[in-house]
Structure formats: C-alpha cells, structure tokens
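# Examining the three-dimensional arrangement
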Amino acid sequence: MKRLFFCTLAASSLLLAGCNTSFIRSTPPVAGQLSSSGRPVVGNIEASNTGLYLFYWLPVWSGSTTRPNRREYNMFSDRLHNRYMYPMLEDRARLLKGDGVEDVISRESSSGWMTLWILWRRTRFLSAVAVDKHAPKPAAESEKVKKTDANPASTDSAI
C-alpha cells in the first residue's frame, strides 16, 4: 500500500511538474499612457512563475526566474517570492528601452485539493509598467492652461 501511494505521488508530481515554469510577456503601451508617477510608459509587462510544493511549504519544483519562457526549472528551491521575480521585470524593461518598472501589482494563487492537500501548485503573478525615467514628465493640466482673463469687461463692477 505504501509503494502504491508513493508511486502515485511521484507520478502525479512528475505530471504536474511539466506545468511549472516561469513566463514573461510584454505589450506596447497605449498612446499617451503614463505611470502613476507621471512618467511615460514604454511597455506593459506581465510575469508569472509556478511551483510545486509538498504540504504547501516544502518546494519541489519551481520555474527558473533567470531564464523565463524556456521551460527550465529549479528543484528544491522556492523562486516564487517577489525578490526573485522583480529582476525578471527589470530585465524585460531594459529590453523595451526602459529605465525601470513602476506600478507593480503582485498576487498569488494556489491549489492543492486535487491531491488531497499533499501536493500544492502555487503561482505568483506580477504586472508592471516599464518607464523611461530620464524622459521629462509631461506638464500637468493646471500648468498647461494659461490664464486668459485679460478682458476687463468680465470683472464685476459696481453700478
């Protein structure tokens, strides 16, 4: 009975390991898109990394954050933390001729019910915008509007 359990566990982990990889993609910015700090956006970036864990905390496999989109894996190391995934975003920003990333949003998803909570599949998703930090910030709307109230007839005068 123990052999059957461990063989089933090994087979399911090998089957699920094929889905564990890191992925990154970028899309062009919308015309006139600005980051929350007002810098021009050179690209929108989305990254994800998936890992297989034993009892949710012990890493078995995770995608390689140094070589995304290549189906490369790290065994027995947890690469789903933001400190490992931020360099993926920064490298993609450099490819897009950007100087950095801003507006980073991170979320995690996990599931383990299919294997009776023994094997867990966890995925971390990041999205960000690549910005050009050396480009001048566009002027604010209030600075663009010039005061044109030079018409003296528009002022209230006592009759």
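Everything that follows concerns the structure shown earlier in this document.
The rules behind the values
- Residues numbered from 1 in each chain as written.
- Predicted model: local features only at pLDDT ≥ 70, side-chain atom pairs only at ≥ 80, totals over all residues.
- Heavy atoms only, no water.
- Phe/Tyr/Trp six-rings, centres within 6.5 Å; stacked < 30°, edge-to-face > 60°.
- Helix = DSSP H or I, 4+ residues; strand = E, 2+ residues; numbered from the N terminus.
- Buried < 20%, exposed > 50% of the residue type's maximum accessible area, 1.4 Å probe, protein only.
- Salt bridge = Lys/Arg side-chain N within 4 Å of Asp/Glu carboxyl O.
- Expected span 1.5 Å × (residues − 1).
- Arc of directions from axis to C-beta.
- Contact = heavy atoms within 4.5 Å.
- Pairing = 2+ DSSP bridges.

Throughout the structure, instances matching the rule amount to two aromatic pairs. Seen in terms of ring centroids, Y56 and W120 are 5.0 Å apart; in terms of plane orientation they differ by 85°. Their pairing is edge-to-face. Of this pair, Y56 sits in the loop between β2 (41-54) and β3 (58-63) while W120 sits in strand β6 (residues 119-131); the two residues are 64 residues apart in sequence, bridging distant segments of the chain. The partly exposed category is assigned to Y56, whose relative accessible area is 23%. Looking at W120, the relative accessible area reads 17%, which means it is buried. Grouping aromatic residues by their ring pairs yields a cluster made of Y56, W57 and W120.

Another aspect to go through is the pattern of salt bridges. Per the counting criterion, the structure on display carries six salt bridges. One salt bridge connects R39 with E102, and the closest N-O pair in it is separated by 3.4 Å. In this pair, R39 is assigned in the loop between β1 (22-27) and β2 and E102 in strand β5 (residues 100-111), connecting sequence segments 63 residues apart. A salt bridge links E72 to R67; its shortest N-O distance comes to 2.9 Å. For E72, a relative accessible area of 27% translates into the label partly exposed. Salt bridges linked by common partners bring E108, R122 and R124 together as one network.

Let's shift gears to helix α2 (residues 82-95). The terminal C-alpha atoms of α2, which comprises 14 residues, lie 20 Å apart, in line with the 20 Å expected from a rise of 1.5 Å per residue. Taken together, the buried positions of α2 are M85, M88, L89, R92 and A93. For α2, the arc enclosing every buried residue in end-on projection is 135°, short of the 170-degree limit, so these residues lie on one face. For α2, the exposed residues lying more than 90 degrees away from the buried face are R83 and R94. Those residues of α2 hidden inside the fold are in contact with β1, β2, β5 and β6. Phi turns positive one or two residues past the end of α2, at K97, with a value near 65°.

Turning next to the pairing of β6. Counting buried residues along β6, 10 of its 13 residues qualify, which places the element largely inside the surrounding structure. The sheet contact formed by β2 and β6 spans 13 bridges and is antiparallel. Each bridged residue has a counterpart across the sheet, and for S48 the counterpart in β6 is F125.

These values are about where atoms sit, not about what they do.
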